[in-house]
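Per-entry structural report
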Amino acid sequence: MKNVVWTGTWVAERLGVELVGDEELSDLLGLALRRNPRRAHLLVSNVLGKHVPQSPSVVYGHGFALGRRVRELLGTEDARAAVVLGYAETATGLGHSVADGVGLAPYLHSTRRPVPGVDTAGGFEESHSHATSHLLLPENPGLLAGPGPLVLVDDEFSTGNTVLNTIRDLHARYPRDRYVVVALVDMRSAADLGRLAEFATEIGARVDLVAAARGTVNLPEGVLEKGQALVAEHETTEITERSESADSRPGHPGATRVELGWPRGLPDGGRHGFTPGHRIRLDAALPAMAARVADALPEGARRVLVLGFEELMYAPLRLARELEQVVPAEVRYSTTTRSPVLALDDPGYAIRTRLVFPAHDDPDDGPGERYAYNVAGAGFDAVVAVVDSAADTPGLHAPDGLLAQLAEHTPNVLLAVVPSYVPARPSTERPSMLPEPLRGPAFSSYAPDEVGWLLQDLSDVTLEAPTEEREEAIQSGGAHYAESLPVEYQPSPQYQELFQAALGTSAARIAQAVGAVTELVLAERSPRPVLVSLARAGTPVGVLMRRWAKHRHGLDLPHYAVSIVRGRGIDANALRWLAAHHDPADVVFVDGWTGKGAITRELTEAVREFESAEGVTGFDPEIAVLADPGSCVRTYGTREDFLIPSACLNSTVSGLISRTVLRSDLVGEYDFHGAKFYRELAGSDVSVDFLDAVAAHFPDVADAACAQAKELLAADRTPTWEGWAAVERISEEYEIHDVNLVKPGVGETTRVLLRRVPWKILARAGAGADLDHVRLLAQQRGVPVEEVDELPYTCVGLIHPKYTRGATGADGKAVTV
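Figured I'd write up the structure that's included with this text. Bear in mind that the values here come from a model prediction, so they are computed numbers and not experimental data. (Residues numbered from 1 in each chain as written. Predicted model: local features only at pLDDT ≥ 70, side-chain atom pairs only at ≥ 80, totals over all residues. Heavy atoms only, no water.)

1. Describing the overall build of the protein
Filter applied, for reference: Strands here are runs of E lasting at least two residues and helices are runs of H or I lasting at least four, both read from the DSSP assignment and numbered beginning at the N terminus. Relative accessible area decides the class of each residue, using a 1.4 Å probe on protein chains only: under 20% of the type maximum gives buried, over 50% gives exposed, and in between gives partly exposed. Between two residues, a contact is recorded if the distance between any of their heavy atoms is within 4.5 Å. Shrake-Rupley sampling with a 1.4 Å probe provides the accessible areas, and residues are treated as covered by the protein chains on show and by no other component.
Along the backbone of the protein there are 22 helices and 32 strands. A burial count over the protein gives 58% of its 817 residues as buried. Expressed as a percentage of contacts within the protein between residues at least 6 apart in sequence, the contacts between residues at least 24 apart total 76%. Looking at the protein as shown, the accessible area adds up to about 32,400 Å², and 50% of this sits on carbon and sulfur atoms.

What follows is the structure in structure tokens.
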């Protein structure tokens, strides 16, 4: 294609811009001025089908030919494994055509249209563009995760920043060995030529570049300012084909709607992925769709434009190419765009006319102008506007909308609407059966009859993060504590000795409390209770209560462990399983101890919501605990705040099971919450040792436990919530102003030292051996222990109130001790 006058002449002469390179560059590109503070000039492609109406066969042919070159470069096998990624909005159709040329490659293009319910697989910025944010929204989450080559397609490769930023982002998520960059024109400057090789070395992958033509743009000094001045000068006189106001413009006929018969369920493009199977369906349907458009065209039409819509480029391109084969008229193809470009009616300028109209697809970034270039004055007898159904809105049909604007410049406007494809959401149909509980030794070091875990096994997923990183993310709101796991603390020999000593001195006291609370449950709650411990601190206590019931009464009680997450409630699927297998009235929730009572409140609210939603009744949210120092429950073995050795360790005293995990990408709506089984820590496991040491004292404490239970049955055990009040007071006195960062009691303080970033420890004056392990941990982590009179707990752990890495002060900045 040779132009009498090169469509870059006007800009080149006035700005001194020079296009240097392959001979065909002037055929492929013209120049225009853009209203953009980052780059004054715009390379206007004559073969892209965006700004300049062009034969659809020419547009598709250029993309397809590039795809064939990629296929030759990769070889057949690698081409089969490739994925093609195009850039919104300009290169969505080009990228799709390249994918067709590659052959069996699935295609995805970035988008600026968020789609509710579709998870983002990545995103990146395009620094020089008027609209920078790109989203990747594949229907198949694994589309970008394969090891095959990734082919990235853009209309031009200038600085390379956009493509390199994309590869860097995706390589961090989905590393692979090979990338291919494809562009119609490679316009890198001499300074940018070496960056691609340097980048490939940096990421340790091969990066190739395929382009239809190569060259560069020589820009004189001050070109941006000169360009902006030219835009300002000509904006007042440019040929902007705005329609007259609705009051003064004569009426025009409405657009003729053409029903395409688009195949049901076929994606309208690559926003969520487009597979080779989709292309086969489209190829089969195109002749009939083109025939319907041809039948709707006016008789004798000599020149027809098929006008696509922003990111919707491929479907109208393929439709136009098919139409070109079946009608005698000259068919051209282009699309509307977000990009603002100055229009000047000069044969040496690439953008001769401009239609301006309001956005009509309710864009996420709000209302704004949209444009169609080189349509007005081009002598089209008919324009076929092709939009997706999301854009078939009142704004499209408004007096100042696109259809009205087109009607001012062509006698016939046709409208073809392609259904907007939205990926099917995961089935909301509840499975008829939930999986059976996990049991040891496949999951946990407990015997299979000791506990059934109503959890899913996430042992193969890396979930651990350094404590400091977790704390910063949690306190900044960037993550919930249940979305990751702390690195498992491995006790020093000195700490292990403390654990064993604490177990030796407290085993009998724990055994008596176990007996007392179990007798209370059997007397008040149910003669054959179903023990449901709150994983994981409640699990050893639930196992001990089960052992007591068998030792004292010959009962073989069911025992399960379920997940509860502060702020997100109890695992509803676990409750569904329990309701399907047991009488909810027999369920007794079990935990190790109470702190301030947050989990008690959480469970009460969660059970209420579950029963309301499910229509299931009978669950009693009252928790049975070994120790209730916070005075939060009625069913307890003691209200003393003493050392329970199972609080001293993490998984190695809890069956080698992690804390539970709730994360949307791992746990679906009808999945149990998750946890990990740390099989590799078996050498340090004392879970069964702890249980056996306590249970060995059952015969010795039986009489005392039963007497204690009788006293409790006769006593007023109404919760006073004394612990909650104390926590609120401490939160204000120490200027923390967040009760979630105040962890009262020996057990909770130990957790702070093992899993969080502690600020300081408050210890009751005169507290003895119960705090030996707390003092040792505090010393190891450099945390001050402050003795306090009249503390209702033996100790209280304070999480750093404004944690950022490197800070230990209450203000998050200064180091204060």
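2. Focus on the pairing of strand 15 (residues 369-373)
The line we're drawing: Strand pairing is assigned whenever DSSP detects at least two bridges linking the two strands.
Most of strand 15 is tucked away: four of the five residues are buried. Bridge analysis of strand 14 (residues 354-358) against strand 15 gives five bridges, and the strand direction is antiparallel. Each bridged residue has a counterpart across the sheet, and for Val356 the counterpart in strand 15 is Tyr371.

3. Digging into the packing of helix 14 (residues 493-524) against helix 15 (residues 538-553)
Rules: In this analysis, axes come from line fits to C-alpha atoms, helices being fitted only over the stretch in contact, and the angle between any two N-to-C directions falls in the range 0 to 180 degrees. Roughly parallel here means an angle under 35 degrees, roughly antiparallel means over 145, roughly perpendicular means 65 to 115, and every remaining angle is called oblique. Each residue gets one label: Ala, Val, Leu, Ile, Met, Phe, Trp, Tyr, Cys and Pro are nonpolar, Asp, Glu, Lys and Arg are charged, and the others, such as Gly, are polar.
Between helix 14 and helix 15, the shortest axis-to-axis distance is 9 Å and the interhelical angle comes to 75°. In terms of their interaxial angle, helix 14 and helix 15 are classed as roughly perpendicular. On helix 15, the residues that touch Ala511, Val514, Gly515, Val517, Thr518, Glu519, Val521 and Leu522 of helix 14 are Leu544, Met545, Trp548, Ala549, Arg552 and His553. Across the contact of helix 14 with helix 15, the residue classes tally to nine nonpolar, three polar and two charged.

4. A short note on the nonpolar core
When a protein is soluble and globular, its nonpolar side chains tend to lie buried together. This is how it is decided: What is meant by a nonpolar core is a set of buried Ala, Val, Leu, Ile, Met, Phe, Trp, Tyr and Cys residues, joined one to another through side-chain atoms within 4.5 Å.
With 135 residues, the main nonpolar core has Leu33, Val84, Leu144, Val151, Val182, Tyr349 and Leu406 as its most contacted residues. Looking at this core, the element that brings in the most residues is strand 9 (residues 178-186), giving seven residues. Discounting residues that sit within four places of it in the chain, Val84 has contacts with Gly95, Val98, Ala99, Val102, Ala105, Pro106, Tyr107, Leu108, Val151 and Val153. Grouped together as the second largest cluster of nonpolar side chains are 73 residues, Phe443, Leu455, Leu503 and Leu753 included.

5. Thoughts on helix 7 (residues 195-203)
Note the following rule: The reported arc concerns the directions from the helix axis to the C-beta atoms and nothing else.
What helix 7 keeps buried is the set Leu196, Phe199, Ala200 and Ile203. Buried residues of helix 7 fall within an arc of 100° about the axis and therefore sit on the same side. Facing away from the buried side of helix 7, by more than 90 degrees, are the exposed residues Ala197, Glu198, Thr201 and Glu202. Where helix 7 is buried, its residues contact strand 8 (150-157), helix 6 (161-173), strand 9 and strand 10 (206-218).

6. Some remarks on helix 20 (residues 722-733)
Applied cut-off: Expected helix span is computed as 1.5 Å times (number of residues minus one).
Here helix 20 is twelve residues long and its end C-alpha atoms lie 17 Å apart, about the 16 Å a rise of 1.5 Å per residue gives. Residues Gly723, Trp724, Ala726, Val727, Ile730 and Ser731 constitute the buried set of helix 20. An end-on view of helix 20 places all buried positions within 160° of arc, on one side of the element. Residues of helix 20 that are buried make contact with helix 17 (598-614), strand 29 (742-744), strand 30 (758-764) and strand 32 (795-799). Glu735 occupies a position one or two residues after helix 20 and carries a positive phi of about 55°.

7. Notes on the pattern of salt bridges
Opposite charge on two side chains permits them to pair, given that their charged atoms come into close proximity. What counts is decided by this rule: Whenever Lys or Arg places a side-chain nitrogen within 4 Å of a carboxyl oxygen from Asp or Glu, that contact is recorded as a salt bridge.
Evaluated as defined, the whole model comprises 36 salt bridges. The closest approach of N and O atoms between Arg271 and Glu311, which form a salt bridge, is 2.9 Å. On the criterion of sequence distance, the pair formed by Arg271 in the loop between strand 11 (256-258) and helix 9 (276-296) and Glu311 in the loop between strand 12 (303-308) and helix 10 (314-326) is long-range, its members being 40 residues apart. We classify Arg271 as buried; its relative accessible area is 9%. Each of Asp100, Arg279, Asp283 and Arg318 takes part in salt bridges that share partners, so that together they form one network.

8. As for the pairing of strand 10
By the bridge criterion, four bridges tie strand 1 (residues 18-21) to strand 10 in an arrangement that is antiparallel. Its bridge partner being in strand 10, Val20 is matched across the sheet by Thr216. Pairing geometry for strand 9 and strand 10, over eight bridges, is parallel. Residue pairing in the sheet places Val185 in a bridge with Ala213 of strand 10.

9. So, the environment of Gly103
Turning to its location among the elements, Gly103 is positioned in the loop between helix 5 (92-102) and strand 5 (107-109). Sequence separation between Gly103 and Phe64 is 39 residues; the distance between their C-alpha atoms is 9.5 Å. When residues no more than four places from it in sequence are discounted, the contact partners of Gly103 are Arg71, Pro276 and Arg279.

10. Considering the sheet that holds strand 1
Sheet architecture is open: six strands sit in the order 1-10-9-8-4-5, paired in mixed fashion. Among the strands making up the open sheet, the edge pair consists of strand 1 and strand 5. For this sheet, the mean angle separating the axes of adjacent strands, direction not counted, is 25°. By the bridge criterion, four bridges tie strand 4 (residues 83-86) to strand 8 in an arrangement that is parallel. Residue Leu85 lies in a different strand from strand 8, and its bridge partner there is Leu152.

11. A look at the packing of aromatic side chains
Test applied: Each aromatic pair joins two rings of Phe, Tyr and Trp (for Trp, the six-membered one) with centres within 6.5 Å, and gets the label stacked for planes under 30 degrees apart, edge-to-face for over 60, and tilted for any other angle. Should the NZ of a Lys or the CZ of an Arg lie within 6 Å of a ring centre and within 35 degrees of the ring normal, that charge is described as sitting over the ring.
Here the structure, examined in full by the defined rule, presents eleven aromatic pairs. Considering the side-chain rings of Tyr560 and Trp577, the 5.2 Å spacing of their centres and the 65° angle between planes classify their relative orientation as edge-to-face. You can see Tyr560 sitting in strand 23 (residues 559-565) and its partner Trp577 sitting in helix 16 (residues 572-581), a full 17 residues away along the chain. The exposure class of Tyr560 is buried, given its relative accessible area of 7%. Note on Trp577: relative accessible area 3%, which makes it buried. A network of ring pairs unites the aromatic residues Phe443, Tyr446, Trp453 and Phe677 as a single cluster. Cation over ring: Arg601 sits above Trp721, and NZ or CZ is 4.5 Å from the ring centre. Directly above the ring of Trp724 sits Arg601, whose terminal nitrogen or CZ lies 4.0 Å from the centroid.

12. Let's talk about the side chain of Glu311
Given a relative accessible area of 11%, Glu311 falls into the buried group. The residues contacting Glu311, other than those within four sequence positions of it, are Ala88, Glu89, Thr92, His109, Ser110, Thr111, Arg112, Arg113 and Arg271.

13. What about the packing of helix 6 against helix 7?
It is at 12 Å that the axes of helix 6 and helix 7 come closest, and there the two elements cross at 5°. Considering the angle they form, helix 6 stands roughly parallel to helix 7. Packed against helix 6, whose contacting residues are Asn161, Leu164, Ile167, Arg168 and His171, the element helix 7 presents Arg195, Leu196, Phe199, Glu202 and Ile203 at the interface. Per-class residue counts for the contact of helix 6 with helix 7 are five nonpolar, two polar and three charged.

14. Details of the sheet that holds strand 30
Strands belonging to one sheet form pairs held by backbone hydrogen bonds; the direction of such a pair is parallel or antiparallel. Pairing is mixed in the open sheet, where four strands are placed in the order 29-32-30-31. The open sheet has two free edges, formed respectively by strand 29 and strand 31 (785-788), since each of these has just one partner strand. For this sheet the average axis-to-axis angle between neighbouring strands, irrespective of direction, equals 20°. Pairing geometry for strand 29 and strand 32, over three bridges, is antiparallel. Residue pairing in the sheet places Val742 in a bridge with Leu798 of strand 32. Across the face of the sheet, helix 20 comes into contact with strand 29, strand 30 and strand 32 while running at roughly 140° to strand 29.

15. Points about unusual backbone geometry
A cis amide bond links Ala88 to the next residue, Glu89, at an omega of -10°. In this fold, Glu89 is placed in the loop between strand 4 and helix 5. A positive phi angle, close to 55°, is found at Asn374, a residue other than glycine. Counting through the fold element by element, Asn374 comes out in the loop between strand 15 and strand 16 (382-388). In the Ramachandran plot, Trp721 falls in the positive-phi region, its phi being about 55° despite a non-glycine side chain. Mapped onto the secondary structure, Trp721 falls in the loop between helix 19 (698-714) and helix 20.

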